[in-house]
Amino acid sequence: MAELLGSIDQGTTSSRFMVFNPAGEEIAKAQMEHDQILPRQGWVEHNPEEIISNTEKVIEEALKSAGLEGKDLVAIGITNQRETTLLWERATGKPVCNALVWQDTRTDRIIAEIEGKEQSEIIRSKAGLPPATYFSGGKIRWILDKYPELESRAKKGEILFGNMDTWVIWNLTGGKNGGLHLTDITNASRTMLMNLETLAWDRELCDIFRIPMAMLPEIRPSSGSFGETLSSGPFQANLPIMGVLGDQQAATVGQACFAAGEAKNTYGTGNFMLSNTGSRIIPSRSGLLTTPCYQLSGKPAVYALEGSIAVTGSAVQWLRDQLGLISGAAEIESLANTVEDNGGVYFVPAFSGLFAPYWRSDARGAVVGLTRYANKGHLARATLEAICYQTKDVLGAMNKDSGIDLQIMKVDGGATVNNTLMQLQADILGVPVVRPLVTETTALGAAYAAGLASGVYTSPDDLKNNWKEDRLWEPVWSSDQREAGYSQWKKAVKRTLDWTNGN
């Protein structure tokens with residue numbers, strides 16, 4: 001039997017487990033959605049116990065569907081929604097509350113107290129991030145403030161923090177009975193608490209948020225040892241966990257973007273563009289994030305510039321769930337194709353404020369340019385264009401920071417099956433867009449990290465050879481059409497600003 005690799009992909013809306021062969025081909029897959037808990041405006045939560053239960057179920061289902069057992073796998077990797085924040089009791093394994101999802105904006109007051117002060121610049125220079133509700137540090141502080149009795153216990157290491165990677169590792173390796181409290185550099189970097197140069201928790205950063213360092217997991221390279229699964233768990237075997245990457249860094253590895261200047265854009269709940277900058281830590285002057293891309297065991301870290309967009313695929317979900325314009329996400333393509341253009345309608349889905357390159361938590365969503373002529377087809381098309389225009393915003397900032405104009409955009413994620421969206425993306429960017437044969441690059445990247453650490457692959461060059469093109473879209477819009485559309489988009493963005501005052 002071929003050397004098979006397993007991958008747990010714990011995402012924002014679902015958890016999945018996939019099995020790949022060394023060629024990067026899918027052998028098995030199972031997926032389950034979990035509840036999106038919305039207690040009030042701006043709050044987004046997940047039930048951590050539901051997530052770990054679903055993770056165990058999809059592992060068992062995927063293996064069974066392919067006639068496999070856990071012992072048939074060489075190693076597993078884990079990739080996850082980043083920034084989503086969870087605190088739990090070491091002794092019982094019980095979460096102290098629901099996980100606060102990366103989209104959650106309840107920490108706006110905590111962030112507002114930091115923004116514009118010396119602390120803000122310390123975070124930017126050391127962590128490579130702007131102070132924002134997006135990241136985990138403020139979320140940890142909010143939970144500790146909400147439950148003040150936890151702080152003294154956190155100082156003793158009785159209360160643990162983790163993003164979802166840490167929660168999955170801890171449960172698979174024993175949970176309350178000796179589970180390992182670990183994370184990797186890519187996930188640790190999303191907290192505002194890790195120093196980009198030392199790749200370690202930084203006391204000065206922790207002090208800004210008054211976070212006890214005893215509650216933080218041990219940081220390890222992305223490709224290396226993260227313990228073993230228990231034979232009593234869903235794998236029914238002691239399998240080495242050999243790769244852990246935040247979802248967007250995992251997709252970058254899955255797209256084989258190993259050379260400086262190579263970039264990918266992932267279309268999921270949000271959009272995330274990463275450009276490999278090699279060993280250079282490039283501070284962004286254009287509203288991007290400076291972040292680790294990955295680190296192989298025993299090797300220096302590789303860094304990236306990242307543009308994070310909060311709402312893209314979730315805007316399509318909004319059309320489905322809140323407005324009822326479509327019954328399934330796939331319907332948006334046919335609805336958008338009932339019209340020739342957007343009819344002058346622009347939709348800025350700033351439901352959680354605006355992320356890169358604006359970083360405006362005061363922004364809220366807006367649909368502008370409405371006339372009696374506009375219909376639901378125009379709104380559907382404006383939703384697809386919003387995904388593409390937000391990506392153009394980020395690419396412009398990335399070109400400015402790196403000094404390199406992107407020649408081709410590698411894309412992945414669920415929305416890339418929408419051919420209309422991909423053609424619009426090429427038209428709006430003015431560069432070709434290419435989709436790989438395997439679009440599940442997030443799960444694939446985690447499997448690749450595990451494969452590199454376990455010896456299935458000898459070097460990243462093996463992974464480059466696996467990458468194959470599925471389809472290429474060339475831009476067809478004229479430059480005048482592209483510039484006119486983008487000008488109107490920028491006007492629409494301005495209408496979303498200064499909508500809230502932090503309350």
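Coordinates for the structure precede this section.
In short, a report on the structure. (Residues numbered from 1 in each chain as written. Predicted model: local features only at pLDDT ≥ 70, side-chain atom pairs only at ≥ 80, totals over all residues. Heavy atoms only, no water.)

## Section: the sheet that holds strand 13 (residues 241-246)
Across the sheet, 5 strands lie side by side as 3-2-1-5-13; this open sheet has mixed pairing. In this open sheet, the two strands that pair with only one neighbour each are strand 3 (26-33) and strand 13. Each neighbouring strand pair of the sheet contributes to a mean axis angle of 15°, computed without reference to strand direction. Inspection of the sheet shows strand 1 (residues 4-10) paired to strand 5 (residues 73-80) by 7 bridges, in the parallel sense. Following the sheet pairing, Ile8 is matched in strand 5 by Ile78. (Pairing = 2+ DSSP bridges. Helix = DSSP H or I, 4+ residues; strand = E, 2+ residues; numbered from the N terminus. Axes fitted to C-alpha atoms, helices over the stretch in contact; angles between N-to-C directions.)

## Concerning the environment of Gly224
Mapped onto the secondary structure, Gly224 falls in the loop between strand 12 (218-220) and strand 13. For Gly224, a relative accessible area of 10% gives the class buried. Counting along the chain gives 71 residues from Gly224 to Gln295, while the straight-line C-alpha distance between them is 9.0 Å. Setting aside residues no more than four positions away along its own chain, Gly224 makes contact with Ile241, Met242, Gly243, Ser297 and Ala453. (Buried < 20%, exposed > 50% of the residue type's maximum accessible area, 1.4 Å probe, protein only. Contact = heavy atoms within 4.5 Å.)

## Details of the packing of aromatic side chains
Taken as a whole, this structure holds 21 aromatic pairs when the rule is applied. Both rings, one in Tyr346 and one in Tyr389, keep their centres 6.1 Å apart while their planes meet at 45°; by these two values the pair is tilted. Highlighted residues: Tyr346 in strand 18 (residues 346-348) and Tyr389 in helix 12 (residues 376-402), separated in sequence by 43 residues. A single burial state applies to Tyr346 and to Tyr389, both of which are buried. Clustering of aromatic rings is evident, with ring pairs tying together Trp102, Tyr134, Phe135, Phe272, Phe355 and Trp359. A cation sits over an aromatic face here: Arg106 above Trp142, 4.7 Å from the ring centre. (Phe/Tyr/Trp six-rings, centres within 6.5 Å; stacked < 30°, edge-to-face > 60°. Lys NZ or Arg CZ within 6 Å of the ring centre and 35° of its normal.)

## Quick look at the nonpolar core
Tyr134, Phe209 and Met215 are the most contacted members of the largest nonpolar core, which has 100 residues in total. The biggest single contributor to this core is helix 12, with 12 residues. Residue contacts for Phe209: discarding those within four places in its chain leaves Ile111, Ile114, Ile123, Gly137, Gly138, Arg141, Met192 and Leu193. Counting 33 residues, the second-largest nonpolar core is a separate cluster that includes Ile8, Phe17, Ile78 and Val244. (Core = buried A, V, L, I, M, F, W, Y, C linked by side-chain atoms within 4.5 Å.)

## What to know about the environment of Ile408
Tracing the chain through its elements places Ile408 in the loop between helix 12 and strand 20 (409-412). Note on Ile408: relative accessible area 38%, which makes it partly exposed. With 22 residues separating them along the chain, Ile408 and Gly430 place their C-alpha atoms 9.5 Å apart. Non-local contacts of Ile408, meaning those with residues more than four positions away in its chain, are made with Pro432, Val434 and Leu472.

## Topic: the pattern of salt bridges
Per the stated rule, a full pass over the model turns up 28 salt bridges. The shortest N-O distance in the salt bridge between Glu218 and Arg220 comes to 3.1 Å. Glu218 sits in the partly exposed class, given a relative accessible area of 43%. Here Asp362 and Arg360 are joined by a salt bridge, their closest N and O atoms 2.8 Å apart. Taking the relative accessible area as the measure of exposure, Arg360 reaches 27% and is therefore partly exposed. Salt bridges linked by common partners bring Arg82, Glu83, Arg190, Asp247 and Glu306 together as one network. (Salt bridge = Lys/Arg side-chain N within 4 Å of Asp/Glu carboxyl O.)

## Comments concerning the sheet that holds strand 14 (residues 263-267)
Sheet architecture is open: 7 strands sit in the order 16-17-15-14-20-21-22, paired in mixed fashion. With one partner strand each, in any of the chains shown, strand 16 (289-294) and strand 22 (469-473) form the two edges of the open sheet. Strand-to-strand twist in this sheet, taken as the mean axis angle between neighbours without regard to direction, amounts to 30°. Sheet topology note: the strand 14/strand 15 (residues 271-278) ladder contains 5 bridges and is antiparallel. From the neighbouring strand, Thr266 faces strand 15, where its bridge partner is Phe272. Sheet contacts for helix 13 (residues 419-429): strand 14, strand 20, strand 21 (433-436) and strand 22; angle to strand 22, the most-contacted strand, approximately 55°.

## A short note on the pairing of strand 14
The element strand 14 is extensively covered by neighbouring structure, given that 5 of its 5 residues are classed as buried. On strand 14, burial covers both faces: Ala263, Asn265 and Tyr267 on one face and Lys264 and Thr266 on the other are all buried. With antiparallel pairing between neighbouring strands as the criterion, strand 14 and strand 15 make up a hairpin whose turn holds 3 residues.

## Examining the side chain of Asn271
Tracing the chain through its elements places Asn271 in strand 15. A polar atom in the side chain of Asn271 sits 3.2 Å from the side chain of Thr391. Sequence-distant contacts of Asn271, defined by excluding residues within four places in its chain, comprise Asn265, Thr266, Gly307, Ser308, Ile309, Thr312, Ile387 and Thr391. (Polar contact = N/O pair within 3.5 Å; in protein donor to acceptor, adjacent residues only side chain to side chain.)

Any link to function would need more than the numbers given here.
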